[in-house]
Amino acid sequence: MFASRLRSSARTHCRSGRQAAPVHVRPCPRKLVVLNVATLQRSDNTLNNIMAAQNLAPALSTGEDFRITTNIEATQIPAALRKDCVLFYTPDTEELAQKVAQQAGGAITLGRIKWKKFADGFPDLFVENATSIRNRHVAFLASFTNPTVIFEQISVIYALPRLFVSSFTLVLPFFPTGTMERVETEGDIATANTLARLLSNVPPSRGGPTSLVIFDIHALQERFYFGDAVLPLFESGVPLLLERLRQLPDRDSITIAYPDEGAWKRFHYQFKSEGYPEVICTKVRDGSKRIVRLKEGEPKDRHVVIVDDLVQSGGTLIECHALLASLGAKHVSAFVTHGVFPNMSWVKFRADLGNGAQDGFRYFWLSDSCPQTVRDVRSKAPFEVLSLAGPIAAALQI
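Residues numbered from 1 in each chain as written. Predicted model: local features only at pLDDT ≥ 70, side-chain atom pairs only at ≥ 80, totals over all residues. Heavy atoms only, no water.

A. The overall build of the chain, seen in detail. Along the backbone of the chain there are 11 helices and 15 strands. Sequence-distant contacts, at least 24 apart, represent 66% of the contacts inside the chain between residues at least 6 apart. Approximately 21,900 Å² of the chain is accessible, and the part contributed by carbon and sulfur atoms is 52%. (Helix = DSSP H or I, 4+ residues; strand = E, 2+ residues; numbered from the N terminus. Contact = heavy atoms within 4.5 Å. Areas by Shrake-Rupley, 256 points an atom, 1.4 Å probe, with all protein chains shown as cover.)

Next up, the structure:
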């Protein structure tokens, strides 16, 4: 019955010849447009059209560019959102903590902890002026490069958020078990997962979960090892290298090299904007040995800079250097964020003092994420330390 009445009404309206009254649509306020990255990556043209239609920032050149990450810049944080912070540290990270405070221009003050031991060797710890940090933003600069000090630092890390602080940030520049991140044979223990679980149980502060700052973790999938009780922030040391490369007199002859495909996948996005040529090496088996071979690129007459996240014994970097020198590279340098160098393995790296790649490394850049290494190689060629103090200071502002 109701349907027939509608049809009858429609016929009557059409016969009358009247025009429908105009419909006035109230303009809606502008809304924030959220773009799905997976969709945008399908087509550069689609990306450009959407960005232009919404008056957004200029479109990126390729879908791959979405994987480019940059560190936090303190100058990009609105002044109203920046926060003053009290930074605690271990005896091992005191030098870096002082640099961080200097970089912050007064926004970061240093707290003090008494690090002692009882007669049986267990830690005797005391946070000075503990009541003064209530309702303050608090951070702790840790160093787990020596496993014997992890327990005492974990004790402090678990205690600080409970002191009625406004928020708590743990800065762990080097995640030391990152290279043991997977199980290949039944019985293997992925200690990267163990350490991540340990850090995921840091108590919340009054402001919520703990923030965790790590630089160039060995495998990006390790972010999924952390639980919901912490907020990991993954930063990189590569921007420090880029800034240093711009200062070189031969910056126009720089080529970036990767010791294996894994390093290329990890880091090559961060060099795209600079337009550096690339060289990719690969490791092949020859019996029981693994030999470095050139996969693609041309190192001849170039200053080639090998880039990786960390160095242990240095065997791979030394083999890469020998290969690139044999292929005519003019100079060979290296950069790693984390110079672990167990058993003083850094002594194997010879310096190129001006005679070319055949002599050794022109530069070996590393960050100060491993304090003992920094003390060992200070003022020794070819090593040069690029400090993480600036990026850490900026990360503590959010």
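From this point on, the discussion continues.
B. Quick peek at the sheet that holds strand β15 (residues 383-386). Strand order across the open sheet formed by seven strands is β11-β10-β9-β12-β13-β14-β15, with mixed pairing between neighbours. This sheet does not close on itself; its edge strands, each paired only once, are β11 (289-296) and β15. Ignoring which end each strand starts from, the neighbouring axes of this sheet average 25° apart. Alignment of strand β12 (residues 303-311) against strand β13 (residues 331-339), held across eight bridges, turns out to be parallel. Across the sheet, residue Val-307 finds its bridge partner in β13, namely Phe-335. Helix α9 (residues 315-326) rests against β9 (254-258), β10 (278-286), β11, β12, β13 and β14 (364-367) of the sheet, and its axis sits at about 45° to β11. (Pairing = 2+ DSSP bridges. Axes fitted to C-alpha atoms, helices over the stretch in contact; angles between N-to-C directions.)

C. View of α9. Look at α9: 17 Å from first C-alpha to last across 12 residues, which is about the 16 Å you get at 1.5 Å a residue. All of the buried residues along α9 are Leu-317, Cys-320, His-321, Leu-323, Leu-324 and Ala-325. Those residues of α9 hidden inside the fold are in contact with β9, β10, β11, β12, β13 and β14. Immediately downstream of α9, the backbone of Gly-328 shows phi near 100°, a positive value. (Expected span 1.5 Å × (residues − 1). Buried < 20%, exposed > 50% of the residue type's maximum accessible area, 1.4 Å probe, protein only.)

D. Structural view of the environment of Leu-160. Within the element layout of this structure, Leu-160 appears in the loop between α5 (150-159) and β6 (167-171). Distance in space between the C-alpha atoms of Leu-160 and Phe-140 is 8.5 Å, their sequence separation being 20 residues. Look past the residues within four positions of Leu-160 in its chain and what remains in contact with it is Phe-88, Val-127, Ile-133, Val-138, Phe-140, Val-165 and Phe-168.

E. Region of the structure containing the confidence of the model for the chain. Looking at the chain, the pLDDT average stands at 84 and 79% of residues meet or exceed 70. The low-confidence segment residues 12-20, where pLDDT is below 50, has two contacts with residues more than four positions distant or belonging to other chains. Across residues 27-62 the pLDDT falls below 50, and counting only partners more than four positions away or on other chains, this stretch makes 27 contacts in the model. (pLDDT = per-residue confidence, 0-100.)

F. Representation of a nonpolar patch on the surface. There is a patch of nonpolar side chains on the surface, built from Phe-118, Phe-122 and Phe-151 and spanning about 350 Å² of accessible area. On the secondary structure map, Phe-151 appears in helix α5. (Patch = residues over 30% accessible without salt bridge, like charges linked within 9 Å, V, L, I, M, F, W, Y side chains within 5 Å. Salt bridge = Lys/Arg side-chain N within 4 Å of Asp/Glu carboxyl O.)

G. Examining the pattern of salt bridges more closely. Scanning the entire structure with this criterion turns up 10 salt bridges. Two residues, Glu-95 and Lys-99, come together in a salt bridge whose shortest N-O distance is 3.7 Å. Of this pair, Glu-95 and Lys-99 both sit in helix α4 (residues 94-103), four residues apart, which is roughly one turn of that helix. Close ionic contact of Glu-274 with Arg-246 constitutes a salt bridge, the shortest N to O distance being 2.7 Å. On the criterion of sequence distance, the pair formed by Glu-274 in the loop between α8 (261-267) and β10 and Arg-246 in the loop between α7 (238-245) and β9 is long-range, its members being 28 residues apart. Residue classification places Arg-246 among the partly exposed positions, given a relative accessible area of 43%. Bridged by salt links that share partners, the residues Glu-95, Lys-99 and Arg-378 form one connected network.

H. Seen up close, unusual backbone geometry. That bond from Ala-381 to Pro-382 is cis: its omega, 5°, falls within 30 degrees of zero. By secondary structure assignment, the location of Pro-382 is in the loop between α10 (371-377) and β15. One non-glycine residue, Asn-135, lies in positive phi territory at about 60°. Along the chain, the position of Asn-135 falls in the loop between β4 (123-127) and β5 (137-141). One non-glycine residue, Phe-341, lies in positive phi territory at about 50°.

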